[in-house]
Amino acid sequence: PEPRGGPGGDGAAVLAAASGAVWAALTADFAARRVARASRTPAESARLVLTSLAIPPAACWYRALGEVRHRRVRPAGPPEGHGRALPRMPAAVLFDRDGTLVHDVPYNGDPARVVPVEGAREALERLRGRGVPVGVVSNQSGVARGLVSHGDLDRVNARIEELLGPFDVWRLCVHGEEDGCSCRKPRPGLVRRAARSLGVPARRCVVIGDTGGDVAAAAAAGARPILVPNGRTRPEERRDAPEVAETLGEAVELAIRGVDDEGTR
């Protein structure tokens, strides 16, 4: 007689067990790498392990939810009377960290001092709800200067994810200005690496930041820059930016209007 599960029941069980084992191994590796770079106090290690367990399923949930919502609102074809399709939404939106997503605290190594800018969570959820990957591209020279440790950096970034939700990619430059790296903004390395990690072309990404360095890095990578000025943004940076939004929410609204196949609006 056949097993109660019917034909292929044992094979499905084996596949499910193997998939679970792979998921567990990858999650364990993710948690181990985060804990290895952080302080080794039991409480801190436990918190990093717990957030490492939560981040992968949360990211999958937001992506699946975005796919469903996007399919519901996606138009069936070009507007009547137009000869070309509507512009597509960006393949990803990459954010500067300090001064853009959270209030700028120079060389911050204290998670308790992380304060999101107004509307940050709502703006990010707007993108996640449409299935648009979100990432962070940030200069963090405090590590090279010895003012912030790798553990401090991990703790601050973990706190940001606790407050703002999971990001699909983080790309940070921990070098100093004199190191001559290719990643430090205004160079394009961070943007290109983030796009590569997401498997999307940089020309279909939007980069949102608060300085001319963010704008220049995006432009050098072929991405679309949007400047959100604040108190440290210089007048000439605002004047020279191709697109300016007064708030983070407004910047996201500009971003989701889409880019065409050449990377232009």
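Because the structure is a prediction, the values reported are computed rather than measured. (Residues numbered from 1 in each chain as written. Predicted model: local features only at pLDDT ≥ 70, side-chain atom pairs only at ≥ 80, totals over all residues. Heavy atoms only, no water.)

Asker: For the overall build of the protein chain, give the residues involved together with the corresponding values.
Answerer: Summing up its helical and strand segments, the protein chain has eight helices and five strands in all. Each helix and strand of the protein chain, placed in order from N terminus to C terminus, yields the pattern α-α-β-α-β-α-β-α-β-α-β-α-α. The long-range fraction of contacts in the protein chain, counting pairs at least 24 apart against all pairs at least 6 apart in sequence, stands at 65%. By element, 56% of the accessible surface of the protein chain is carried by carbon and sulfur atoms, the whole surface being about 13,900 Å². (Helix = DSSP H or I, 4+ residues; strand = E, 2+ residues; numbered from the N terminus. Contact = heavy atoms within 4.5 Å. Areas by Shrake-Rupley, 256 points an atom, 1.4 Å probe, with all protein chains shown as cover.)

Asker: Go over the sheet that holds strand S5 (residues 224–227) with me, naming the residues and quoting the values.
Answerer: Strand order in the open sheet formed by five strands is S3-S2-S1-S4-S5, with parallel pairing between adjacent strands. The strands lining the two open edges of the sheet, one partner per strand, are strand S3 (169–173) and S5. Within this sheet the neighbouring strands show an average axis-to-axis angle of 20°, counted without direction. In this sheet, S5 lies alongside strand S4 (residues 205–209) in parallel orientation, the contact comprising four bridges. Looking across to S5, one finds that Val207 is bridged to Pro225. Relative to S3, helix H5 (residues 189–198) is tilted by about 155°, and along the sheet it contacts strand S1 (92–95), strand S2 (134–139), S3 and S4. (Pairing = 2+ DSSP bridges. Axes fitted to C-alpha atoms, helices over the stretch in contact; angles between N-to-C directions.)

Asker: Could you give an account of a nonpolar patch on the surface, naming the residues involved and the relevant values?
Answerer: On the surface, Val49, Leu50 and Leu53 cluster together to form a nonpolar patch covering roughly 270 Å² of accessible area. Topologically, Val49 is positioned in helix H2 (residues 42–73). A residue is classified by how much of its surface remains accessible, and Val49, at 34% relative accessible area, is partly exposed. (Patch = residues over 30% accessible without salt bridge, like charges linked within 9 Å, V, L, I, M, F, W, Y side chains within 5 Å. Salt bridge = Lys/Arg side-chain N within 4 Å of Asp/Glu carboxyl O. Buried < 20%, exposed > 50% of the residue type's maximum accessible area, 1.4 Å probe, protein only.)

Asker: Explain helix H6 (residues 212–221) to me, and be specific about the residues and the numbers.
Answerer: Think of an α-helix as 3.6 residues a turn; residues three or four steps apart then line up on the same face. Taken together, the buried positions of H6 are occupied by Gly213, Asp214, Val215, Ala217, Ala218 and Ala221. Those residues of H6 that are buried are in contact with H5, S4, S5 and helix H7 (235–240). The opening residue of H6, the one whose side-chain oxygen lies 3.3 Å from the backbone nitrogen of Gly213, is Thr211. Directly after H6, the chain includes Gly222, whose backbone phi takes a positive value near 85°. (Polar contact = N/O pair within 3.5 Å; in protein donor to acceptor, adjacent residues only side chain to side chain.)

Asker: If you had to explain unusual backbone geometry to someone new, which residues and values would you point to?
Answerer: In this chain, Lys185 is followed by Pro186 through a cis amide linkage whose omega measures 20°. Mapped onto the fold, Pro186 is located in the loop between S3 and H5. A positive phi is found at Tyr107, a non-glycine position, where the angle reads about 50°. Within the fold, Tyr107 resides in the loop between S1 and helix H3 (120–128).

Asker: An account of the pattern of salt bridges is needed here, citing residue identities and associated values.
Answerer: When their charged atoms lie close together, side chains carrying opposite charge are able to pair. Counted according to the given criterion, the structure contains 16 salt bridges. Between Glu177 and Arg184 there is a salt bridge whose closest N-O contact spans 3.5 Å. Take Glu177: its relative accessible area is 55%, and that puts it in the exposed class. Taking the shortest distance from any N to any O, the salt bridge between Arg224 and Glu243 comes out at 2.7 Å. Of this pair, Arg224 sits in strand S5 while Glu243 sits in the loop between H7 and helix H8 (248–255), placing them 19 residues apart in sequence. One salt-bridge network, in which partners are shared between bridges, spans Asp96, Lys185 and Asp214.

Asker: Pulling in residues and values, what's your account of the confidence of the model for the protein chain?
Answerer: Mean pLDDT for the protein chain: 83, with 76% of residues reaching 70 or above. In the predicted structure, residues 1–5 sits below a pLDDT of 50 and forms two contacts with residues beyond four places in sequence or in another chain. (pLDDT = per-residue confidence, 0-100.)

Asker: Just give me the short version of the packing of aromatic side chains, but keep the residues and values in it.
Answerer: Aromatic rings considered in pairs are described by the distance between their centres and by the relative angle of their planes. Per the counting criterion, the structure on display carries one aromatic pair. Relative to Trp170, the ring of Phe167 has its centre 5.5 Å away and its plane inclined at 75°; by these criteria the two rings are edge-to-face. Take Phe167: its relative accessible area is 7%, and that puts it in the buried class. In this structure, Arg128 is placed above the aromatic ring of Phe167, and the distance from its NZ or CZ to the ring centre is 5.5 Å. (Phe/Tyr/Trp six-rings, centres within 6.5 Å; stacked < 30°, edge-to-face > 60°. Lys NZ or Arg CZ within 6 Å of the ring centre and 35° of its normal.)

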